[in-house]
Amino acid sequence: MNIPAKAIGAPEAPRTTAQLGISPTLQREILIKTMFRRSLDSVTEIAAALSVTVPIAQDLIDRAREQKLIETLGASRLDETKELRFQLTDAGRRLAQDALAQSEYYGAMPVPLLDYEKQVRRQSIRNAAVSREDLASSFSNLIIADEMFEQLGPAVNASRSILMYGPPGNGKSSLANAICAAYHDAVYVPHFLEYGGNVIAVFDPLIHREIKKSDEEGASLRLASASHDPRYVLCYRPTVITGGELTLDMLDLSYNPVSRTYQAPLQLKSAGGVFIVDDLGRQVASPQALVNRWIVPMEHGYDILTLQSGQKFTVPFDTKVVFSTNFPPSKIFDKAALRRIYYKIYVGNPGREVFVRIFVSTAKRYPIEFSEEVLMYLLTKKYPTVDNEYAAFHAPFLIEQMIAACAYHGEPARMSIPLVDAAWEHLFIREGE
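**Q** Just give me the short version of the sheet that holds strand S12 (residues 261-263), but keep the residues and values in it.
**A** By way of backbone hydrogen bonds, the strands of a sheet pair with one another, either parallel or antiparallel. Taken together, the five strands give an open sheet; going across it, the order is S4-S7-S8-S12-S11, and neighbouring strands pair in mixed fashion. Two strands in the sheet have a free side with no partner beyond their single neighbour: strand S4 (111-112) and strand S11 (254-256). Strand direction decides the pairing type here: S4 and strand S7 (residues 192-195), joined by two bridges, are parallel. In the strand pairing of S7, Val111 is matched with Leu193.

Structure representation (structure tokens):
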């Protein structure tokens, strides 16, 4: 990403084990299990594995030594740092095995849910302002009408949900992705959360794009080891994109019976970012059911999740939801649901002038020479036969067909009237018996 991300409200690194905010018993078990599973023996390695600072790792080790769970081996002769080495005692190994039998979880110390809620408020998507210039830059590869661009600006900056609807093939998905690209700041995502002794995994490398030191630009992003809580990962604002595969189960906690931990639902992983529900109406669950699931979260900023025990608890709901559908909104939502979606943007078929711009711009992205003769032929001979109903996807569709035909015949890629005639035959189906 060429534009440097600006970090917002870094979570302060805990200075003591008490400031970790989780019970001493859970701290001890995670330490012992991590050392046992990963065969760690230096405080630096242990600190990295637990995602804590070295002083806190040393404090955890010292407490375990007092309980006869860890013993000191001395400094390694092969290690230039001359760090002391540690290992589990027999009692420590037994405790590790007993703890692993209860839960296979080990690794990063989790962040208490209450602490995370404060961090979410500091970096809320509701406070992220997108300038007209930022929005124009993120839409630079798209050609849209000025009227629609002016509609999108306020919708992106508002804290409310967006519904983009209209006929297929006119760039609703591309617009949704461009909205995500308009945010240039960064957020802190916890590896794990803790609530009532339960551990919930949040950081997901498939969703969260970590900003590593080699990618950081500017002094504000040069993070010292203790400049922020190591239990968090600095990331670009997350984007979750789902389509027809979205089910209501994905919006609830997922329990792993082996590790006895939970996986955060998609909307929690997208906290501080954007959640795109593409192809709305093609999911197993009805659009009405999806919106009903989110009525309270979208209006009040919190979601309700349920543990295996049946206990319910609240988590922040801090994500901009963007719905995209080819179906008429009145056919898939009732009036109450439509009222709760504040921004409804119609993405219709482009007019002739916009289509010309799309066709010319698209041709530049392909290894084919643009032909004004072919474009005029389409405008004057072909589109009148379909009531001049243009669509944004027609340009790449026709151009790719012509390129494929040239490759089949062993010819250089070119545009011609016979080739576009042949491509046109694949653009529509013939209605009839």
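**Q** Tell me about the pattern of salt bridges, residues and numbers included.
**A** Overall, the coordinates contain 14 salt bridges when judged by the stated rule. Residue Arg15 is joined to Glu12 by a salt bridge in which the shortest nitrogen-to-oxygen separation is 2.4 Å. Judged by its relative accessible area of 55%, Glu12 is exposed. Taken together, the shared-partner salt bridges in this structure form one network comprising Asp252, Arg293 and Asp303.

**Q** How would you summarise the sheet that holds strand S13 (residues 273-277) if you had to cite specific residues and measurements?
**A** Across the sheet, five strands lie side by side as S10-S13-S16-S5-S17; this open sheet has parallel pairing. At either margin of the open sheet sits one strand with a lone partner, and together these are strand S10 (239-242) and strand S17 (343-346). This sheet shows a mean twist of 15 degrees between the axes of neighbouring strands, independent of strand direction. Bridging between strand S5 (residues 162-165) and strand S16 (residues 319-325) involves four bridges; their strand directions are parallel. Its bridge partner being in S16, Ile162 is matched across the sheet by Val322. Strands S5, S16 and S17 of the sheet are contacted by helix H7 (residues 146-157), whose axis makes an angle of about 160 degrees with S17. Sheet strands in contact with helix H8 (residues 172-181) are S5, S10, S13 and S16, and its direction is about 150 degrees off that of S5.

**Q** Could you give me a rundown of empty space enclosed by the protein, with the residues and numbers involved?
**A** Tallying each qualifying case throughout the model produces three cavities of 30 Å³ or more. As for the largest cavity, its lining consists of Arg126, Ser159, Arg160, Ser161, Met298, Glu299, Phe317, Thr319, Lys320, Val321, Arg340 and Tyr342. Of all elements in the fold, only helix H10 (287-300) and S16 reach the threshold of two or more residues within the lining of the largest cavity. Counting residues per element, the lining of the largest cavity draws most heavily on S16, at three residues. Across the lining of the largest cavity, the residue classes break down as four nonpolar, three polar and five charged.

**Q** Quick one: what's the story with the pairing of S5, residue by residue and with numbers?
**A** As defined by bridge partners, S5 adjoins S17 across four bridges and the pair is classed as parallel. Paired with Leu163 across the two strands is Lys344, which belongs to S17.

**Q** Tell me what's going on with the packing of helix H1 (residues 24-38) against helix H2 (residues 43-50), and back it up with residues and numbers.
**A** At a minimum axis separation of 11 Å, H1 and H2 run at an interaxial angle of 110 degrees. Put simply, H1 runs roughly perpendicular to H2. Read as a crossing pair, H1 and H2 show a hand that is right-handed. Counted together, Ile30, Leu31, Thr34, Met35 and Arg38 of H1 and Ile46, Ala49 and Leu50 of H2 form the full contact between these two elements.

**Q** Could you give me a rundown of the packing of H1 against helix H4 (residues 90-102), with the residues and numbers involved?
**A** It is at 9 Å that the axes of H1 and H4 come closest, and there the two elements cross at 100 degrees. Taken as axis vectors, H1 and H4 run roughly perpendicular relative to one another. Together, Arg28, Glu29, Ile32, Lys33, Phe36 and Arg37 of H1 and Gly92, Arg93, Leu95, Ala96, Gln97, Ala99 and Leu100 of H4 make up the contact between the two elements. Its residues placed into classes, the contact of H1 with H4 shows six nonpolar, two polar and five charged.

**Q** Can you tell me about the state of the cysteines, naming the residues and giving the values?
**A** As enumerated under the stated definition, the model contains zero disulfides in all. This cysteine, Cys180, is not joined by any disulfide, and Cys235 carries the nearest cysteine sulfur, 15 Å off.

**Q** Kindly report on the environment of Pro367, identifying the contributing residues and their values.
**A** With respect to the helices and strands, the residue Pro367 is situated in the loop between helix H13 (352-364) and helix H14 (372-382). Taking relative accessible area as the criterion, Pro367 reaches 64% and is therefore assigned exposed. Placed 47 residues apart in sequence, Pro367 and Arg414 show a C-alpha to C-alpha distance of 8.7 Å. Discounting chain neighbours no more than four positions away, the residues touching Pro367 are Ile403 and Ala413.

**Q** Outline the side chain of Thr362, supporting the account with residue identities and numerical values.
**A** Position of Thr362 relative to the elements: it lies in helix H13. The buried category is assigned to Thr362, whose relative accessible area is 3%. Looking at Thr362, its side chain comes within polar contact range of the main-chain oxygen of Ile358, at 2.6 Å. Excluding its chain neighbours within four sequence positions, the residues that come into contact with Thr362 are Ala395, Pro396 and Ile399.

**Q** So what's going on with unusual backbone geometry? Which residues, and what values?
**A** With phi around 50 degrees, Asp279 is a residue other than glycine that occupies positive phi space. Inspection of the secondary structure puts Asp279 in the loop between S13 and H10. We classify Asp279 as partly exposed; its relative accessible area is 33%. Even without being glycine, Asn388 reaches a positive phi, approximately 55 degrees. Taking relative accessible area as the criterion, Asn388 reaches 39% and is therefore assigned partly exposed.

**Q** Outline the side chain of His184, listing residues and values.
**A** Note on placement: His184 falls in the loop between H8 and strand S6 (185-190). A polar side-chain atom of His184 sits 3.2 Å from the main-chain carbonyl oxygen of Ala181.

**Q** Could you give an account of the nonpolar core, naming the residues involved and the relevant values?
**A** Across soluble globular proteins, nonpolar side chains show a tendency to be buried alongside one another. Membership of the largest hydrophobic core comes to 28 residues, with the highest contact counts inside it found for Leu31, Ile46, Leu50, Val52 and Ile70. Secondary structure elements with two or more residues in this core: H1, H2, helix H3 (54-66) and strand S3 (84-88). Tyr116, Val189, Tyr236 and Ala271 belong to the second largest nonpolar core, which has 27 residues in total.

What counts, and where the lines are drawn
- Residues numbered from 1 in each chain as written.
- Predicted model: local features only at pLDDT ≥ 70, side-chain atom pairs only at ≥ 80, totals over all residues.
- Heavy atoms only, no water.
- Pairing = 2+ DSSP bridges.
- Helix = DSSP H or I, 4+ residues; strand = E, 2+ residues; numbered from the N terminus.
- Salt bridge = Lys/Arg side-chain N within 4 Å of Asp/Glu carboxyl O.
- Buried < 20%, exposed > 50% of the residue type's maximum accessible area, 1.4 Å probe, protein only.
- Axes fitted to C-alpha atoms, helices over the stretch in contact; angles between N-to-C directions.
- Contact = heavy atoms within 4.5 Å.
- 1 Å grid on protein atoms, 1.4 Å probe; cavity = no way out; pocket = protein on both sides within 12 Å on 5 of 7 lines; lining within 4 Å.
- Points joined across faces, edges and corners; volume = space filled by probe spheres on them.
- Nonpolar A, V, L, I, M, F, W, Y, C, P; charged D, E, K, R; others polar.
- Parallel < 35°, antiparallel > 145°, perpendicular 65-115°, else oblique.
- Left-handed = near helix turned anticlockwise from the far one by under 90°.
- Disulfide = S-S within 2.5 Å.
- Polar contact = N/O pair within 3.5 Å; in protein donor to acceptor, adjacent residues only side chain to side chain.
- Core = buried A, V, L, I, M, F, W, Y, C linked by side-chain atoms within 4.5 Å.

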